[in-house]
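The lines below spell out each chain.
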Amino acid sequence: MKKIILSTLLLTALYSCKKEGQKTENIAASDSLSVTQPTGAEESTYIPKELSPENVSQYLAKNNDTLYVTNFFATWCGPCMREIPSFKSKMEELKSKPVKFTFINLDDKADWAGAVKNFATENKLGKNVILLDGQKLDQNFFSSNFKQWDGGSIPFTFMRKGDKTDEYLGMMTEDVLNSKIDSFLQ
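Colleague: Could you give me a rundown of the packing of helix α4 (residues 78-93) against helix α7 (residues 174-185), with the residues and numbers involved?
Modeller: Close contact between α4 and α7 brings their axes to 9 Å; oriented N to C, the two are set at 40°. By the angle between their directions, the pair α4 and α7 is classed as oblique. The crossing of α4 and α7 is right-handed. Of the residues in α7, those touching α4 at Ser-86, Phe-87, Ser-89 and Lys-90 are Glu-174, Leu-177, Asn-178, Ile-181 and Asp-182.

Colleague: Go over the environment of Phe-184 with me, naming the residues and quoting the values.
Modeller: Structurally, the position occupied by Phe-184 is in helix α7. By relative accessible area, Phe-184 is classed as buried at 5%. Sequence spacing of Phe-184 and Lys-161 is 23 residues, and the spatial spacing of their C-alpha atoms is 7.0 Å. Setting aside residues up to four positions removed in sequence, Phe-184 forms contacts with Leu-67, Met-159, Arg-160, Lys-161, Lys-164, Thr-165 and Asp-166.

Colleague: Can you break down the pairing of strand β5 (residues 156-161) residue by residue, with the values?
Modeller: Within β5, five of the six residues are buried, which leaves it mostly tucked inside the rest of the structure. Bridge analysis of strand β2 (residues 67-73) against β5 gives five bridges, and the strand direction is antiparallel. Its bridge partner lying in β5, Phe-72 is registered against Phe-156. Taken together, the six bridges between β5 and strand β6 (residues 164-169) define a ladder with antiparallel strand orientation. Note on β6: the bridge partner recorded for Thr-157 is Tyr-168. The antiparallel pairing of β5 with β6 creates a hairpin that spans two residues between the two strands, and Gly-162 there sits at a positive phi of about 65°.

Colleague: So what about the packing of aromatic side chains? Which residues, and what values?
Modeller: Across all of its chains, the model carries 15 aromatic pairs by this definition. Measuring from centroid to centroid gives 5.7 Å for Phe-72 and Phe-146, while their planes differ by 90°, and the two rings are edge-to-face. Taken together, the residues Phe-72 in strand β2 and Phe-146 in the loop between α6 (139-145) and β5 connect sequence positions 74 residues apart. Comparing Phe-72 with Phe-146 shows no difference in burial state: the two are buried. Centre to centre, the rings of Phe-146 and Trp-149 are 5.3 Å apart; their planes meet at 65°, and the pair counts as edge-to-face. Connected via pairs of aromatic rings, a cluster forms that spans Phe-72, Phe-141, Phe-142, Phe-146, Trp-149, Phe-156 and Phe-158.

Colleague: Give a description of the sheet that holds β6 that names residues and reports values.
Modeller: The strands making up a sheet are joined through hydrogen bonds of the backbone, oriented either antiparallel or parallel. If you trace the six strands from one edge of the open sheet to the other, you get β1-β4-β3-β2-β5-β6, paired in mixed fashion. Two strands lie at the open edges of the sheet, namely β1 (49-50) and β6, each paired on one side alone. Where helix α3 (residues 53-60) meets the sheet, it contacts β2, β3 (99-105) and β5, and its direction lies at approximately 145° from that of β2.

Colleague: Go over the pattern of salt bridges with me, naming the residues and quoting the values.
Modeller: Pairing between side chains of opposite charge can happen when their charged atoms approach one another. What the rule picks out here adds up to five salt bridges. Its salt-bridge partner being Glu-50, residue Lys-136 comes within 3.5 Å of it at the nearest N-O pair. Placement of the pair is Lys-136 in the loop between β4 (129-131) and α6 and Glu-50 in strand β1, with a sequence separation of 86 residues. Note on Glu-50: relative accessible area 34%, which makes it partly exposed. Across the pair Lys-180 and Asp-166 runs a salt bridge, and its minimum N-O distance is 2.9 Å. Here the residue Lys-180 occupies a position in helix α7, and Asp-166 occupies one in strand β6, the gap between them amounting to 14 residues. Among the residues examined, Lys-180 registers a relative accessible area of 18% and is labelled buried. Judged by its relative accessible area of 22%, Asp-166 falls in the partly exposed class. Each of Lys-90, Glu-93 and Asp-182 takes part in a single network of salt bridges with overlapping partners.

How each quantity is defined
Residues numbered from 1 in each chain as written. Predicted model: local features only at pLDDT ≥ 70, side-chain atom pairs only at ≥ 80, totals over all residues. Heavy atoms only, no water. Axes fitted to C-alpha atoms, helices over the stretch in contact; angles between N-to-C directions. Helix = DSSP H or I, 4+ residues; strand = E, 2+ residues; numbered from the N terminus. Parallel < 35°, antiparallel > 145°, perpendicular 65-115°, else oblique. Left-handed = near helix turned anticlockwise from the far one by under 90°. Contact = heavy atoms within 4.5 Å. Buried < 20%, exposed > 50% of the residue type's maximum accessible area, 1.4 Å probe, protein only. Pairing = 2+ DSSP bridges. Phe/Tyr/Trp six-rings, centres within 6.5 Å; stacked < 30°, edge-to-face > 60°. Salt bridge = Lys/Arg side-chain N within 4 Å of Asp/Glu carboxyl O.

This is how it looks when you write it as structure tokens:
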């Protein structure tokens, strides 16, 4: 019963974000750790993969010299969509640096084949998007992985390099994103 209540609260909180779509400009982007650039055909046919909450937790806990910038978003979330161009610009700028950008999608499973796939294809981010079924999340997921975020709203960005972490709840401006990433790369 507790899981059902927590899942319902999470979904309610996620849906509180105003549903508004906004197209973002197409800027070529790739995983900054990739050696080869994918062709347009590979990017347009790439389907993001689903990870379990446990696998996402393992990913978030990576502790090495790479800076991991992980953004939790949904395609129906206006602030989430408005910050994507800043992330894409920073990805392009840092493509030769040890920085990995990942976008964890929290849309309903029913939207994965449509809205999420279209978003990933239009923004050439398919290799950077991970699908996470919000129905599988419980309060333990949030308290185990984050100091501030309880899953109540998005967008949310988590950064980790080695033992240093940073959390940002809400839409990031380009200046804030640059400042936070620069603090990790100095």
